[in-house]
4 protein chains.
Amino acid sequence: MSEPLVLTLSCADRPGITARVSSYLFERGGNILEAQQFNDQSSNAFFMRVEFDPGEAARETIRTEFAEIAREYAMDWKLTLRDRPRRALIMVSKFDHCLADLLYRWRIGELAMDPVAIVSNHPQSAIEHTALGEIPFHHLPITRDTKDEQEAQVRQIAEDTGAELVVLARYMQILSDRQAAHFAGRCINIHHSFLPGFKGAKPYHQAHARGVKMIGASAHFVTADLDEGPIIHQAAEPISHADNPDELVRKGREIESRVLAEAVRLHLEERVLLNGMRTVVFRS
Amino acid sequence: MSEPLVLTLSCADRPGITARVSSYLFERGGNILEAQQFNDQSSNAFFMRVEFDPGEAARETIRTEFAEIAREYAMDWKLTLRDRPRRALIMVSKFDHCLADLLYRWRIGELAMDPVAIVSNHPQSAIEHTALGEIPFHHLPITRDTKDEQEAQVRQIAEDTGAELVVLARYMQILSDRQAAHFAGRCINIHHSFLPGFKGAKPYHQAHARGVKMIGASAHFVTADLDEGPIIHQAAEPISHADNPDELVRKGREIESRVLAEAVRLHLEERVLLNGMRTVVFRS
Amino acid sequence: MSEPLVLTLSCADRPGITARVSSYLFERGGNILEAQQFNDQSSNAFFMRVEFDPGEAARETIRTEFAEIAREYAMDWKLTLRDRPRRALIMVSKFDHCLADLLYRWRIGELAMDPVAIVSNHPQSAIEHTALGEIPFHHLPITRDTKDEQEAQVRQIAEDTGAELVVLARYMQILSDRQAAHFAGRCINIHHSFLPGFKGAKPYHQAHARGVKMIGASAHFVTADLDEGPIIHQAAEPISHADNPDELVRKGREIESRVLAEAVRLHLEERVLLNGMRTVVFRS
Amino acid sequence: MSEPLVLTLSCADRPGITARVSSYLFERGGNILEAQQFNDQSSNAFFMRVEFDPGEAARETIRTEFAEIAREYAMDWKLTLRDRPRRALIMVSKFDHCLADLLYRWRIGELAMDPVAIVSNHPQSAIEHTALGEIPFHHLPITRDTKDEQEAQVRQIAEDTGAELVVLARYMQILSDRQAAHFAGRCINIHHSFLPGFKGAKPYHQAHARGVKMIGASAHFVTADLDEGPIIHQAAEPISHADNPDELVRKGREIESRVLAEAVRLHLEERVLLNGMRTVVFRS
């Protein structure tokens, strides 16, 4: 078997797209390993993800030839090596439970990423409980006055490292519109509430004050409109009247960690496609 | 065994309340069957629920004597027969899935209620799929002009039937402030979203538009502030990009039915105590 | 739009199946509405489900032509009208909560079935809480001596009514091997435990005795080996030490009802394909 | 406030226990912070857990005096400092995800334990991804011939360190009956399946072969009868036909980690009481 490829695409829906794509892959000697499609009848859009063994065909040949098909259907598309780890830049503030969880999963081979940099607005000593190993750490403090400059530094690090994904792993800073736009579609945030409930700061205190009976977390793409980006994954758990805000924070850490890790995994495996303000998520 | 009683109470927390209550019951010959308490350290309030077999003691003797203790501690309290079905008035509009579910659970003995009336703003013929049997049905249409009068009729029915509980089982009308105040603490609504997300109308369409990955339902006490009353129970289920609003409505019906039924059961069993804008829920 | 069709198929996996099927549909003027496939790498088997608008093509033409393709790939396949209600025979004993739930969902249009008969080993009077309406009811009592005969009667009713699906909605009788074989692949049972735990009788009492912290239910195809048929759907809920067997039975009813209804819905929509002793379930 | 204490007790149920215990605490000047009780009507047993501020009373005075009450009611009981970290010995084999999770939670203050030793049948180099820091590591390899000796070494370490709790954090060795008896009631195991389904080895492969639609994990006290000890906590998650055994292992790691951590937390907080082959778990 050659190195498997992943093809993702979206375009306006019309008859024959599946036939065209799958016939092309078959003619080229490809063998489909996993495939999903979604015909969004509300927006008349079509989404597809195909993992395939390209057989004898050269990757660049496929890329060139498929570009023709893509043009014909006006597709947004992407062709990548399935098993190549994606370069990820992880941003964090003081709470490192999401970071610790992501790095552990990466180390045991669960997340196919290459963590090229960790950026924090706090010094490395603030990350007490997580071994960073060889991953470069960048302390980029931020104030109202230095925000522009700090964000430029982050963009520079992303460029220098070729970061394909930026993960805000409880990075407690709001990105500027410019920064959000710069990383559009490749920056994932974990919001520690079940959006759209409890936007903004201190969501667990908000949840306690409101007396809800479940709390949750939401992983979403970052957009200029804070807490409003396309949601990738969410989970929630029951709580009771006896859970004070500290208990909610404790229970929340676990939900946040696994919701963010799942969203990152889905993104690394090219399973998340944008559909306007929503996402299409092709789980296996 | 005598007929078991349920005692519920709340008051400012201070040392000795449990001792005082349990010692009294013991001295009177009572035997505790189930007991819970909650010391709310954030508000310094105390909550208790005790099921007990009163033994030889007469119920009215206990009531008279306990009133003394309650006065001493400035308790809100209630003493009732555990197994006496509570009289319930159920209100419904066109969608009868919650009504059907409540009546089925009542018929098989799962809900200890006595449904004294069903009130709808639509004629009985609108409830196509649920056999009402002997339960009196009241068609009380409502318009902007007749709202005051209609609500007065509902209050009259509640009074005539001695309704202890009013269940809004997908009753798609907003109660006036006066009506909400009248039924304060004994009127349960099911909101077909996971509050505080998606308040107001058409929550499933809102959820679809926002692209969330879970939907839920919330049962809460009705207050003047719509969709803001103390929450009794909530549940949520995962959805996917492929669920259109119709699918969400279908999945939602099931969540709504069981969340409302659970809240009603908890209330009928005197397991829900008010704690300001929140609730204390003593599950067995 | 013509009446949509559903095509389901399975065969040994090899390159080009998706291309072959989707190209055929496209050439015939069909338009795919929803499609899923699964390449089972452990068994080298391929599974596909396609909903499509056949456009101008006559259904029988497609059936004839597709039979050629199916032969070429040695497919198991099925082509049906998507929206035609499937004829269902429902079997029940004394507990009617699953029956009530299925009929309610059918009446409000949630389950695209045509309930052609209800068969019980108890008289109709045993079903106290569920209005059967026009659905023919058959009281077929069963004893050790009459089992063969009773099962023959059930087969006869299924044949007379053209039943495509047999639902054991808490039918507390074990089908003979012969009966299980007769209805293979079209008979769904709800087992009131989380298989493979607690096979056999009184699973909630078993669960209580074992002290588990969750209970569940399993909907599966019936096979000769009781409680071992391919599982279609399962769900589970947390319980506590305070739940006695009666409480477990109460909580279980809700899980059973929704697990069975979901399995029936999936089957009615042709979303369940057999994969040896397992199932492939194509959710939308 | 003095250092809070936790009192746990169980005995045969009879009237007046709550009154006796709470009156004693009140008379001694204690203030209840949290209290739960369970009257097990099936076994006529009584269970209680009280967190209280002892006020001016000396701990040893309470201990001496309460011993009298306990004798009177033939109670099993325990009186401990609520906030004193319990000494824990953690055993592990090659897979360190549960160990990593426990240590992370300990480091951020979520688990009030004092990890006095880590014991593995593999060398420390096998634990690649988890920083053990200062915690003493003991490599105690085990073979059929050395099992007795190895277990004696473990008992010695437990004695030397004063271990109050032994956590089998994916320790892939079966304890001998003697060892299980030695650590009875203070040794928690994580079984990577939803007991009682899939006992024994390779439960995820068993689950895949059986085609179940949910997988789970079970934390239980270790007894001589493997996989049959009293269950403390369980959780389960849905899976699909597309999850191969490797996927199940991945999904399972997360469930195992949080189920074990929750069971350990409950035990550390003295919230788990034995009730024959079952447990009573007093969550806050």
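Residues numbered from 1 in each chain as written. Chains lettered and ligands numbered in written order. Predicted model: local features only at pLDDT ≥ 70, side-chain atom pairs only at ≥ 80, totals over all residues. Heavy atoms only, no water.

- Per an unreviewed UniProt entry, chain A goes by the name Formyltetrahydrofolate deformylase and belongs to Qipengyuania psychrotolerans.
- One UniProt comment on chain A, placed under Sequence similarities (unreviewed entry), says "Belongs to the PurU family."
- Quoted verbatim from the Pathway (unreviewed entry) field of UniProt, the annotation for chain A is "Purine metabolism; IMP biosynthesis via de novo pathway; formate from 10-formyl-5,6,7,8-tetrahydrofolate: step 1/1." (UniProt positions renumbered as here; feature names shortened; annotations may be inferred.)

1. Topic: the pairing of strand β6 (residues 113–120) of chain A
Residue and element names in this part refer to chain A.
- β6 sits mainly inside the fold: seven of its eight residues count as buried.
- Bridge analysis of strand β5 (residues 86–92) against β6 gives seven bridges, and the strand direction is parallel. When the bridges of β6 are listed, V92 appears paired with S120.
- For the segment spanning β5, helix α3 (residues 97–107) and β6, crossover handedness is right-handed.
- Relative to strand β7 (residues 137–139), β6 runs parallel, the two sharing three bridges. Across the sheet, the residue bridging to I118 is F137, located in β7. (Buried < 20%, exposed > 50% of the residue type's maximum accessible area, 1.4 Å probe, protein only. Helix = DSSP H or I, 4+ residues; strand = E, 2+ residues; numbered from the N terminus. Pairing = 2+ DSSP bridges. Right-handed = clockwise from strand over helix to strand, strands pointing away.)

2. Some points on the sheet that holds strand β11 (residues 231–238) of chain B
Residues and elements named next belong to chain B.
- If you trace the seven strands from one edge of the open sheet to the other, you get β7-β6-β5-β8-β9-β10-β11, paired in mixed fashion. One side of each edge strand has no neighbouring strand; the edge strands of this open sheet are β7 (137–139) and β11. The average undirected angle you get between the axes of adjacent strands in this sheet is 20 degrees.
- Its contacts with the sheet place helix α3 (residues 97–107) against β5 (86–92), β6 (113–120), β8 (165–168) and β9 (187–191), and it is angled at close to 160 degrees to β6. (Axes fitted to C-alpha atoms, helices over the stretch in contact; angles between N-to-C directions. Contact = heavy atoms within 4.5 Å.)

3. Notes on the relation of the copies chain A and chain D
- Mapping chain A onto chain D calls for a rotation angle of 180 degrees and an axial translation of 0.0 Å; the resulting RMSD is 0.0 Å. Such a combination of rotation and displacement between the chain copies is what one expects of a two-fold axis. Residues of chain A ranked by C-alpha distance from the rotation axis are headed by A131(A), positioned 3.7 Å from it.
- Mapped onto chain D, 100% of the interface residues of chain A again fall at the interface, so both copies present the same surface. (Least-squares fit on C-alpha atoms with pLDDT ≥ 70 in both.)

4. Some points on empty space enclosed by the protein
- For the coordinates displayed, the defined rule picks out 14 cavities of 30 Å³ or more.
- Estimated volume of the largest cavity: approximately 200 Å³.
- Put simply, the parts of the chain that give the lining of the largest cavity at least two residues each are α6 (203–210) and β10 (214–221) of chain A together with α6 (203–210) and β10 (214–221) of chain B.
- Classifying every residue of the lining of the largest cavity by side-chain character gives 20 nonpolar, nine polar and no charged. (1 Å grid on protein atoms, 1.4 Å probe; cavity = no way out; pocket = protein on both sides within 12 Å on 5 of 7 lines; lining within 4 Å. Points joined across faces, edges and corners; volume = space filled by probe spheres on them. Nonpolar A, V, L, I, M, F, W, Y, C, P; charged D, E, K, R; others polar.)

5. A look at the UniProt feature "active site" (unreviewed entry) in chain A
- Within this numbering scheme, the UniProt entry marks D227(A) as carrying the feature "active site" (unreviewed entry).
- In this fold, D227(A) is placed in the loop between β10 and β11 (231–238).
- Residue classification places D227(A) among the buried residues on the basis of a relative accessible area of 4%.
- Sequence-distant contacts of D227(A), that is, excluding residues within four places in its chain, are made with H191(A), L195(A), K199(A), G200(A), H220(A) and R210(B).
- At a separation of 3.3 Å, a polar atom in the side chain of D227(A) contacts the side chain of H191(A). (Polar contact = N/O pair within 3.5 Å; in protein donor to acceptor, adjacent residues only side chain to side chain.)

6. Brief notes about the packing of aromatic side chains
Residues and elements named next belong to chain A.
- In the structure shown here, the tally under the stated rule is 14 aromatic pairs over all chains.
- Ring geometry for F66 against W77: centres 5.3 Å apart, planes inclined by 55 degrees, an arrangement best described as tilted. On the criterion of sequence distance, the pair formed by F66 in helix α2 (residues 59–73) and W77 in strand β4 (residues 76–81) is long-range, its members being eleven residues apart.
- A relative accessible area of 1% places F66 in the buried class. (Phe/Tyr/Trp six-rings, centres within 6.5 Å; stacked < 30°, edge-to-face > 60°.)

7. Remarks on the confidence of the model for chain A
- Confidence along chain A averages 96 in pLDDT terms, with 100% of residues attaining 70 or more.
- Our summary of model confidence lists the complex with pTM equal to 0.97 and ipTM equal to 0.95. (pLDDT = per-residue confidence, 0-100.)

8. Side note on the relation of the copies chain A and chain B
- Superposition record for chain A on chain B: RMSD 0.0 Å, screw rotation 180 degrees, translation along axis 0.0 Å.
- By residue overlap, the copies meet face to face through one surface: 100% of the interface positions of chain A are interface positions in chain B.

9. Points about the sheet that holds strand β10 (residues 214–221) of chain D
Residues and elements named next belong to chain D.
- Taken together, the seven strands give an open sheet; going across it, the order is β7-β6-β5-β8-β9-β10-β11, and neighbouring strands pair in mixed fashion. Two strands lie at the open edges of the sheet, namely β7 (137–139) and β11 (231–238), each paired on one side alone. On average, adjacent strands in this sheet sit at an angle of 20 degrees to one another, irrespective of strand direction.
- Seen against the sheet, helix α4 (residues 147–161) touches β5 (86–92), β6 (113–120) and β7 and runs at an angle of roughly 155 degrees to β5.

10. Details of the interface of chain A and chain B
- The interface is formed by 31 residues belonging to chain A together with 31 residues belonging to chain B.
- Between chain A and chain B lies a buried interface of about 2,500 Å² when both sides are counted; carbon and sulfur atoms form 61% of it.
- Looking at the side of chain A facing chain B, the largest losses of area belong to R210(A), K213(A) and H241(A), adding up to 29% of the total buried there.
- At the junction of chain A with chain B, the criterion picks out two salt bridges.
- One salt bridge in this structure joins R210(B) and E228(A), with 3.2 Å as the shortest N-O distance.
- Summed over the shared surface of chain A and chain B, the number is 14 residue pairs in polar contact (both at pLDDT 80 or more).
- Counting only elements with at least two residues in the side of chain A that touches chain B, the list comes to α6, β11 and β13 (278–281) of chain A.
- Looking at side-chain class alone, the side of chain A that touches chain B contains 17 nonpolar, nine polar and five charged residues. (Buried area = accessible area lost by both parts, 1.4 Å probe. Salt bridge = Lys/Arg side-chain N within 4 Å of Asp/Glu carboxyl O.)

11. Observations regarding the interface of chain A and chain D
- In this complex, chain A contributes 22 residues to the contact, which on the side of chain D involves 22 residues.
- When chain A packs against chain D, the two sides together hide about 1,800 Å² of surface, and 47% of this comes from carbon and sulfur.
- Broken down residue by residue, the surface that chain A buries against chain D is led by Y104(A), H129(A) and R250(A), which jointly contribute 31%.
- Put simply, chain A and chain D have eight residue pairs in polar contact (both at pLDDT 80 or more) between them.
- Listing elements by their share of the side of chain A that touches chain D, those giving two or more residues are α3 and α7 (245–268) of chain A.
- Broken down by element, the side of chain A that touches chain D gets its largest block of residues, seven residues, from α7(A).
- Its residues assigned to classes, the side of chain A that touches chain D shows four nonpolar, five polar and 13 charged.

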